[in-house]
Amino acid sequence: MIGLLLGTLRTATPLLFAALGGMFSERGGVVNIALEGILLVGAFAAAAAAYYSGSPWLGVAAAVVAGVGLAALHALVSLRFRVDQIVSGVALNMLALGATEFLMWIFFGSGSNSPRLGSPGLPATAGRLLVELPPLTLLALLAVPASSWLLFRSRFGLRLRAVGEHPEAADSLGLPVHRLQFYGVLLSGALAGAGGAFLSLNAHYFVKNMSAGRGFIALAALIFGKWRPGGILGATLLFGFAESLQGHLDLPWLPVRFMQLLPYLLTMVALVGVIGRCRGPAAVGRLFVKD
Amino acid sequence: MRVELEALSRSFPGVRAVQDVSLAYEPGRLYALVGENGAGKSTLMHLLYGMLPPDAGRILVDGRPVRLAGSQDAIRLGIGMVHQHFMLVDTLTVAENVVLGAEPGRWGRLDRGAARAAVRRDAERFGLAVDPDAPLESLSVGEAQRVEILKVLYRGASFLIFDEPTGVLTPQEARGLFAILRRLRDEGKTVVLISHKLDEVLSVAEIIDVMRRGRHVGRLAREEAGAERLARMMVGREVLLRVDKPPAAAGPPVLEARGLGVRRRPGQAELADVSFILRRGEILGVAGVEGNGQRELAALVTGLLRPEAGELRLDGRPLRGLTPRRARDLGIRHVPEDRQRTGLVLDMSLRENLILGEEGSPAAGQAGVILPGRVAALARRRVAEYDVRVADTRQSARALSGGNQQKLVLARELDGDPRLLVACHPTRGVDVGAIEYIHRTLLAKRTRGLAVLLFSSELSELLALSDRIGVLYRGRLTAVLDADVVDEETLGLYITGARGVADA
Ligand SMILES: Nc1ncnc2c1ncn2[C@@H]1O[C@H](COP(=O)(O)OP(=O)(O)O)[C@@H](O)[C@H]1O
Ligand SMILES: [Mg+2]
């Protein structure tokens, strides 16, 4: 039981980071399907930095920086150069895949995986559950109320929401629409980058294409969670639960392959269930152009 | 504060929207700015509000020239603007909308208590009752407008611009607004009311400026202005302010609605138990505040939406499973409310636009092949007949003015003597000349037996053209009135639900 709970929390961690990130981007009106690539780049940066410095926490910092970098590229291409946000996201995902594969040879001399890495830890005095629970998971859980405050109780959050709903209205009040959207996208890069760090550091290895579609599941969780931190937490826990069932549920008549499909099936079902019944930010995906 | 505009000019590609306009505004007065659609009123005020940079000229506040890099600069100087299209965020509350961009609170925190208090304070002072915590989407149009005014006041504006604020209001709401404008003026603020409705301008403004084709053509004190004189200055020639409606000669029923209904859905209003009869040679107007089911009713009759209850009959035969294509084949035509998005394909030529929906007919081609010669001949005839002012029918529809675009839609929809026309806001945003033309055309077709279902938010237009006027309120047809015996004031009571079924 405790095992299943811990498993759920662990598998949910990268999804939670990425989905909260996606929330800030989309609340500002920018679709960020580059989350997938950001997770991957974050995972790689964390592995490289942790391997060469010997400090997993430096790895986390590197992942955040790399995530922000890739997100900045997305914001620049889609806001400044007016490339469609989906096209930019797809391109960055491909870039992330190619670049990490290439850099693996340079940094680790291998095309498949990195050497073994250490995970970030807390002092052993922190108590048993806290030791069992990876610190990044704790951080992800803390990010939920923090995001909620930022989005609903802060000046920045109000402005970001206004920009994602009705950029013309925000502009008419003199708010810098694109700059606010830029910040929203950068925030998504920082959060998803941290999610990437969890992927590689917690597995003790960086493996080629290790994000494996989690960025997209995070986007589904964002919709299923109705663009709210609390809802996103619930959605990612559900997806995390579905994925960690694999190791805990042993039904002889159910093929293992099917169990692996479960999170993806659940994603589809969840989306079919909510789509049409809830509405995202009104201006999401639409570039604001001032004339 | 004293504001002067000096020789302001501003062009857009192909249009000189504002040309060499100089004006001065004194504090504590109520001004109006009138002009036809496209005269440049909004553009001029956008220059003053910092939303657009001028190409030439300058703006002086209290004698000092100012540079406005954006609306935040204008706001800082105390200039505020209530826009023609509301600039409100539906998912935020009233208080959030009001303080957005100038939020109270320290360390990045949003102080909701202070926001609420600020809204209450201004609301009380200026008689603008709204609940600060109400989500914006729950408000009526009149309330939403009060939020726009509160936004401007919250920023400490002493110069307030209202861009066509009454376009969306009922006559009663408009009167409430005018009371607010006077109150603002009494507090020493400068108020500029942009409008093209002469009667309302004459009833509130003290000083009236007239624009025509980008130029300022005169300033009149209310006492010396009259509707006729203003209209002449706006248009540059004599205009008929009323149309002559020949007596009705309604024939047998063309369209019959029996208990029509559709359910409420996101983006769709409810319609319940709507029954009426529309006869040959008759114009049935439909009045209502936007969102009370007009759009749905028009969609039902044109086959864009299927009824979930009740039925429609055309010439006594039930219209089951009506599609837009079949509706066309049956002689039902449609002038949609948004000519640019639904009525035309702007980047296609006039010719192509004129055969849309008839691509398969012998008038356009044969055996699935479009014959350019036939299309050109058809287009030339229609363009001439419907007074579309254009040199070459190969031009794209985008290049036309609003009035000519609308005549293009009419040419396609009315040619060939259809049975029934569903006309949605046929004169919205077109110039006076085109309005006159469209009104005359509709009445002429009526005389020839066309049945028209006319939707309009301009009560004066409904009264001028319709034989009878149905009122939609919350999806129900609450009254069908004889157009000769009602006036705008009474219609205003009906469309807000103050009168209707309940007291009948
Ligand atoms: N952003 C814009 N881009 C191009 N043309 C514009 C723009 N805004 C206004 N115009 C044109 O400038 C002219 C004046 O428009 P506007 O100021 O909106 O008139 P009014 O408010 O008097 O109806 C019109 O011909 C209009 O088409
Ligand atoms: Mg205007």
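Residues numbered from 1 in each chain as written. Chains lettered and ligands numbered in written order. Predicted model: local features only at pLDDT ≥ 70, side-chain atom pairs only at ≥ 80, totals over all residues. Heavy atoms only, no water.

**Student:** What's the story with the overall build of chain B in this structure? I'm lost.
**Tutor:** The helix and strand tally for chain B stands at 17 helices and 22 strands. What you see for chain B is a C-alpha radius of gyration of 24 Å, in line with the 23 Å of a compact globule of 504 residues. A total of 504 residues make up chain B; the buried ones form 54% of that total. Long-range pairs, those at least 24 residues apart, make up 67% of the contacts in chain B with a sequence separation of at least 6. A total of about 21900 Å² of accessible surface is found on chain B, and carbon and sulfur atoms cover 49% of it. (Helix = DSSP H or I, 4+ residues; strand = E, 2+ residues; numbered from the N terminus. Rg over C-alpha atoms; globule rule 2.2 N^0.38 Å. Buried < 20%, exposed > 50% of the residue type's maximum accessible area, 1.4 Å probe, protein only. Contact = heavy atoms within 4.5 Å. Areas by Shrake-Rupley, 256 points an atom, 1.4 Å probe, with all protein chains shown as cover.)

**Student:** Looking at this model, I keep getting lost on the overall build of chain A. Mind explaining?
**Tutor:** Along its length, chain A carries twelve helices and zero strands. Taken from N to C terminus, the helices and strands of chain A fall in the order α-α-α-α-α-α-α-α-α-α-α-α. Expressed as lengths along the three principal axes of its C-alpha atoms, the size of chain A is roughly 60 × 45 × 40 Å. The buried share of chain A, reckoned over its 291 residues, is 52%. For chain A, the share of sequence-separated contacts (at least 6 apart) that also reach a separation of at least 24 residues comes to 79%. Of the accessible surface of chain A, which amounts to about 12500 Å², a share of 69% is contributed by carbon and sulfur atoms. Charge-centre separation for chain A: the mean point of 20 positive side chains lies 7 Å from the mean point of 11 negative side chains. (Lys, Arg positive; Asp, Glu negative; His and termini not counted. Charge placed at Lys NZ, Arg CZ, Asp CG, Glu CD.)

**Student:** Looking at this structure, how should I read the coordination of the magnesium ion (ligand 2)?
**Tutor:** Octahedral metal centres with six donors ideally show angles of 90 or 180 degrees, and tetrahedral centres with four donors ideally show 109.5 degrees. Residue and element names in this part refer to chain B. For the magnesium ion (ligand 2), the protein coordination sphere consists of Ser 42 (OG) and Gln 84 (OE1), at 2.1 to 2.7 Å. Of this pair, Ser 42 sits in helix α1 (residues 41-48) while Gln 84 sits in the loop between β6 (79-82) and α3 (94-99), and the two are 42 residues apart along the sequence. Its relative accessible area of 32% is what places Gln 84 among the partly exposed residues. (Donors = N, O, S within 2.8 Å, 3.2 Å for Na, K, Ca; no water.)

**Student:** Whenever I open this one, the environment of Leu 39 of chain A confuses me. Can you help?
**Tutor:** Residues and elements named next belong to chain A. Residue placement: Leu 39 occurs in helix α2 (residues 35-53). Relative accessible area serves as the criterion here: at 0%, Leu 39 is assigned to the buried category. For Leu 39, the contacting residues outside a window of four places in its chain are Pro 14, Ala 18, Ala 192, Gly 195, Gly 196, Leu 199, Ser 211, Arg 214 and Gly 215.

**Student:** How should the side chain of Asp 467 of chain B be read in this particular structure?
**Tutor:** Looking at the secondary structure, you find Asp 467 of chain B in the loop between α16 (459-465) and β21 (468-473). On the accessibility criterion, Asp 467 of chain B (11% relative accessible area) is buried.

**Student:** Would you explain the sheet that holds strand β11 (residues 253-262) of chain B in this entry?
**Tutor:** Within a sheet, adjacent strands bond to each other through the backbone by hydrogen bonds, running parallel or antiparallel. Residues and elements named next belong to chain B. Overall, antiparallel pairing links the four strands, which are arranged β12-β11-β14-β15 in an open sheet. Only two strands of the sheet have a single partner each, and these edge strands are β12 (271-279) and β15 (317-318). Pairing between strand β14 (residues 309-314) and β15: two bridges, direction antiparallel. If you follow Leu 314 over to β15, its bridge partner there is Arg 317. (Pairing = 2+ DSSP bridges.)

**Student:** Any chance you could explain the site of ligand 1 here in plain terms?
**Tutor:** Around ligand 1 there are twelve residues in total, and Gly 38, Gly 40, Lys 41, Ser 42 and Thr 43 of chain B lie nearest to it. The residues that come close to ligand 1 belong to more than one chain, namely chains A and B. The backbone of Gly 38 of chain B places a nitrogen or oxygen atom 2.7 Å from an oxygen atom of ligand 1. Take Ala 39 of chain B: an N or O atom from its main chain is 3.2 Å from an oxygen atom of ligand 1. With the chains in place, 66% of the 550 Å² that ligand 1 exposes on its own is no longer accessible. Taken together, the elements giving at least two residues each to the shell around ligand 1 come down to β2 (15-25) and α1 of chain B. (Near = heavy atom within 4 Å. Polar contact = N/O pair within 3.5 Å; in protein donor to acceptor, adjacent residues only side chain to side chain.)

**Student:** Would you mind going over the interface of chain A and chain B with me for this structure?
**Tutor:** Interface size, as often reported, equals the accessible area lost upon joining of the parts. On the chain B side, the residues contacting the 22 residues of chain A number 29 residues. Roughly 2000 Å² of surface becomes buried between chain A and chain B when both sides are summed, with 57% attributable to carbon and sulfur atoms. Counting every contact that joins chain A to chain B gives three salt bridges. The partner of Glu 103 of chain B in a salt bridge is Arg 159 of chain A, and the shortest N-O contact between them spans 2.6 Å. Between the two partners, chain A and chain B, sit eleven residue pairs in polar contact (both at pLDDT 80 or more). For the side of chain A that touches chain B, the secondary-structure elements that each account for two or more residues are α6 (135-152), α7 (155-165) and α8 (167-172) of chain A. At six residues, the largest contribution of residues to the side of chain A that touches chain B is made by α7 of chain A. (Buried area = accessible area lost by both parts, 1.4 Å probe. Salt bridge = Lys/Arg side-chain N within 4 Å of Asp/Glu carboxyl O.)

**Student:** Where do I start with the confidence of the model for chain A in this structure?
**Tutor:** For residues with low pLDDT, the predicted coordinates do not support detailed interpretation. In this model, chain A carries a mean pLDDT of 90, and residues with pLDDT of at least 70 account for 95%. Predicted confidence in chain A is weakest over helix α5 (residues 128-132) of chain A, with a mean pLDDT of 60, and strongest over α7 of chain A, with 97. (pLDDT = per-residue confidence, 0-100.)

**Student:** Help me understand the packing of α2 of chain A against helix α9 (residues 177-203) of chain A, please; the structure alone is not making it clear to me.
**Tutor:** The angle between the axes and the distance between the axes are what describe a pair of packed helices. All names here are of chain A. Between α2 and α9, whose axes approach to 6 Å, the crossing angle comes to 55°. Classified by the interaxial angle, the pair formed by α2 and α9 is oblique. For the pair α2 and α9, the crossing hand works out as right-handed. Contacts between α2 and α9 pair Leu 35, Ile 38, Leu 39, Gly 42, Ala 43, Ala 46, Ala 47 and Ala 50 from the former with Ser 188, Gly 189, Ala 192, Gly 193, Gly 195, Gly 196, Ala 197, Leu 199, Ser 200 and Leu 201 from the latter. Each residue belonging to the contact of α2 with α9 can be placed in one class, and the counts come to eleven nonpolar, seven polar and no charged. (Axes fitted to C-alpha atoms, helices over the stretch in contact; angles between N-to-C directions. Parallel < 35°, antiparallel > 145°, perpendicular 65-115°, else oblique. Left-handed = near helix turned anticlockwise from the far one by under 90°. Nonpolar A, V, L, I, M, F, W, Y, C, P; charged D, E, K, R; others polar.)

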